[in-house]
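A look at the structure
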Amino acid sequence: MINHSFSPTTKDSLQPLTEELLDALLEVEETYPWDPTTPEAEAYFSHLEGEFPLIDAFDEAEITAQADTFFSHLHQAWESVDQTSFTQSLLEKFGQMIPKAWLETIIIQAEQLASENISQLNQLVECVKPLWTNWTEEDLQVFARPLAQAMRGETKVKQDNWQDLSEIEQIRFTMAIAKEVLCEIPPQQNQ
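On a predicted model such as this, the values are computed, not experimentally measured, just so you know.

Side note on the overall build of the protein chain
- Helix and strand counts for the protein chain stand at 7 helices and 0 strands.
- Its helices and strands in sequence order give the protein chain the pattern α-α-α-α-α-α-α, from N to C terminus.
- Relative to its full complement of 191 residues, the protein chain shows a buried share of 26%.
- Here the contacts in the protein chain between residues at least 6 apart in sequence split such that 62% fall between residues at least 24 apart.
- Of the roughly 14200 Å² of accessible surface on the protein chain, 55% is carried by carbon and sulfur atoms.

Dropping the structure here:
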């Protein structure tokens, strides 16, 4: 085996690297004052404000109005992105496991139930009830109970071919997906 270690032939070849390292270590940087009550902090903040000349061009009311408009538009943009990405991520995650129309029904039901103060058992039942109209609410509660009373956390949903499942397995499967959807609802909808 050949040893390819770096060994300089002269001390002069390391001189530029040593000087550069020494300059980097000794360079004095202006640091952010962690205690804003110190006199040095006031000078630091005054210097920063001086570098932003537009602040003098607007009065406080105009700045406030512009900021409110900006943050309003920003909030609307985030809401639409969050909702689109939430639904899209669920469709990508479960779209191959269950008919798309069924998944969309579960998502719609879960979004409507997120703001209601009902038990997780009833949320699961309400999410899948429109899909299983020939089953009573009490029957669906039997399937939901193990999921609702299990330790909180992610429910593992194994991927099986939907058509190969029996009706009972399909109900259990839709309940598990409903639990995942309820757990993944964005926080702003959960309030």
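On we go.
Some details on the packing of helix H6 (residues 137-149) against helix H7 (residues 167-184)
- Close contact between H6 and H7 brings their axes to 10 Å; oriented N to C, the two are set at 50°. With respect to H7, the axis of H6 lies oblique. For the pair H6 and H7, the sense of crossing is right-handed. Residues Leu140, Phe143, Ala144 and Leu147 of H6 touch H7, and the partners they reach there are Ile168, Ile171, Arg172, Met175, Ala176 and Lys179.
- Along the lines of polarity and charge, the residues of the contact of H6 with H7 split into 8 nonpolar, no polar and 2 charged.

Some words on the packing of aromatic side chains
- A full pass over the atoms with the stated rule returns 4 aromatic pairs.
- An angle of 70° between the planes, with centres 5.1 Å apart, marks the rings of phenylalanine 70 and phenylalanine 71 as edge-to-face.
- Of the residues examined, phenylalanine 70 reaches a relative accessible area of 49% and is grouped as partly exposed.
- Here the aromatic rings of tryptophan 135 and phenylalanine 143 are separated by 5.7 Å at their centres, their planes lie at 75°, and the arrangement is edge-to-face.

Quick notes on the packing of helix H5 (residues 120-128) against H7
- Contact geometry for H5 and H7: axes closest at 9 Å, N-to-C directions at 115°. Between H5 and H7 lies a crossing of right-handed hand. Residues Gln120, Gln123, Leu124, Val125, Cys127 and Val128 of H5 pack against Thr174, Met175, Ala178, Lys179 and Leu182 of H7.

Some details on the environment of alanine 144
- The topology assignment puts alanine 144 in helix H6.
- Residues alanine 144 and alanine 176 lie 32 residues apart in sequence; the distance between their C-alpha atoms is 8.3 Å.
- If we ignore the near neighbours within four places in the chain, the residues touching alanine 144 are Leu121, Leu124, Val125 and Met175.

Regarding the nonpolar core
- The biggest cluster of nonpolar side chains holds 35 residues, and the ones touching the most others in it are Ile106, Leu124, Cys127, Met175 and Ile177.
- Elements represented by at least two residues in this core include exactly helix H3 (60-94), helix H4 (100-113), H5, H6 and H7.
- Element by element, the count of residues in this core is highest for H7, at 8 residues.

Focus on the confidence of the model for the protein chain
- With 77% of its residues at a pLDDT of at least 70, the protein chain reaches an overall mean of 77.
- Across the protein chain, the secondary-structure element scoring lowest on mean pLDDT is H3, at 77, and the one scoring highest is H5, at 89.

Things to note about H5
- Along H5, 7 of the 9 residues are buried, which leaves the element largely enclosed by surrounding structure.
- When H5 is considered as a whole, its buried residues turn out to be Gln120, Leu121, Gln123, Leu124, Val125, Cys127 and Val128.
- Those residues of H5 that are buried are in contact with H4, H6 and H7.

Concerning the pattern of salt bridges
- For the structure shown, the criterion picks out 2 salt bridges.
- The residue glutamate 126 makes a salt bridge to lysine 129 at a minimum N-O spacing of 3.1 Å.
- Taking the relative accessible area as the measure of exposure, glutamate 126 reaches 23% and is therefore partly exposed.
- Where glutamate 137 meets lysine 129, a salt bridge forms, and the shortest distance between an N and an O atom there is 3.2 Å.
- Looking at lysine 129, the relative accessible area reads 27%, which means it is partly exposed.

What counts and what doesn't
Residues numbered from 1 in each chain as written. Predicted model: local features only at pLDDT ≥ 70, side-chain atom pairs only at ≥ 80, totals over all residues. Heavy atoms only, no water. Helix = DSSP H or I, 4+ residues; strand = E, 2+ residues; numbered from the N terminus. Buried < 20%, exposed > 50% of the residue type's maximum accessible area, 1.4 Å probe, protein only. Contact = heavy atoms within 4.5 Å. Areas by Shrake-Rupley, 256 points an atom, 1.4 Å probe, with all protein chains shown as cover. Axes fitted to C-alpha atoms, helices over the stretch in contact; angles between N-to-C directions. Parallel < 35°, antiparallel > 145°, perpendicular 65-115°, else oblique. Left-handed = near helix turned anticlockwise from the far one by under 90°. Nonpolar A, V, L, I, M, F, W, Y, C, P; charged D, E, K, R; others polar. Phe/Tyr/Trp six-rings, centres within 6.5 Å; stacked < 30°, edge-to-face > 60°. Core = buried A, V, L, I, M, F, W, Y, C linked by side-chain atoms within 4.5 Å. pLDDT = per-residue confidence, 0-100. Salt bridge = Lys/Arg side-chain N within 4 Å of Asp/Glu carboxyl O.

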